[in-house]
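Close look at the chain arrangement
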Amino acid sequence: MSSFPSSTVDSWELTSLSLRWRPGSLELLDQRLLPQREEWLRMESLSDMVQAIGSLQVRGAPLIGVAAALALVEEARRLGQKKDRQDLN
């Protein structure tokens, strides 16, 4: 399985009205609180995203799809970094 060179992915950034992502950081706007309050949630893991989708913190099929895909990207980055650290030992 091949992977993207990290230098390529590390330079990407995506910001929308409900989602902010750059390598190493994924945040979602908690849509349950709208319009009274704006609160951004940091997704620390894939399970955080699963919970956010299940609790309707993120809504709408397109946003759910993009958010889930970016959570997978971040999980793959974390696993790759963990493997790289293990290879160094």
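Analysis parameters
Residues numbered from 1 in each chain as written. Predicted model: local features only at pLDDT ≥ 70, side-chain atom pairs only at ≥ 80, totals over all residues. Heavy atoms only, no water. Pairing = 2+ DSSP bridges. Helix = DSSP H or I, 4+ residues; strand = E, 2+ residues; numbered from the N terminus. Core = buried A, V, L, I, M, F, W, Y, C linked by side-chain atoms within 4.5 Å. Buried < 20%, exposed > 50% of the residue type's maximum accessible area, 1.4 Å probe, protein only. Contact = heavy atoms within 4.5 Å. Phe/Tyr/Trp six-rings, centres within 6.5 Å; stacked < 30°, edge-to-face > 60°. Lys NZ or Arg CZ within 6 Å of the ring centre and 35° of its normal. 1 Å grid on protein atoms, 1.4 Å probe; cavity = no way out; pocket = protein on both sides within 12 Å on 5 of 7 lines; lining within 4 Å. Points joined across faces, edges and corners; volume = space filled by probe spheres on them. Nonpolar A, V, L, I, M, F, W, Y, C, P; charged D, E, K, R; others polar.

A few words on the sheet that holds strand β2 (residues 19–22). Strands sit in the order β1-β2-β3-β4 across an open sheet of four strands; the sheet is antiparallel. Of all the strands in the sheet, the pair left with one neighbour each is β1 (14–15) and β4 (40–42). Bridging between β1 and β2 involves two bridges; their strand directions are antiparallel. Pairing of L14 across the sheet is with W21, part of β2.

Take the nonpolar core next. Counting residues in each nonpolar core, the largest one holds 13 residues, and the members touching the most others are L19, L26, L28, M43, M49 and A67. Listed by contribution, the elements that provide at least two residues to this core are β2, β3 (25–29), α2 (46–54) and α3 (61–88). Considering every element that reaches this core, the biggest residue donor is α3, with four residues. Non-local contacts of M49, meaning those with residues more than four positions away in its chain, are made with L26, L28, M43, A67, A68 and A71.

Let us look at unusual backbone geometry. With an omega dihedral of 0°, the bond running from L34 to P35 counts as a cis peptide bond. Backbone geometry places L56, a non-glycine residue, at a positive phi of 65°. Residue position: L56 is located in the loop between α2 and α3.

Turning to the packing of aromatic side chains, a few remarks are in order. Using the criterion set out here, one finds zero aromatic pairs in the structure. If you follow R20 out to its NZ or CZ, it ends over the ring of W40, 3.7 Å from the centre.

Tallied over the entire structure, the rule returns one cavity of 30 Å³ or more. Approximately 30 Å³ is the volume found for the largest cavity. In this structure, the largest cavity is lined by L26, M43, E44, S45, L46, A71, E74 and R78. Broken down by element, the residue count for the lining of the largest cavity peaks at three residues, all from α3. Residues that form the lining of the largest cavity fall into these classes: four nonpolar, one polar and three charged.

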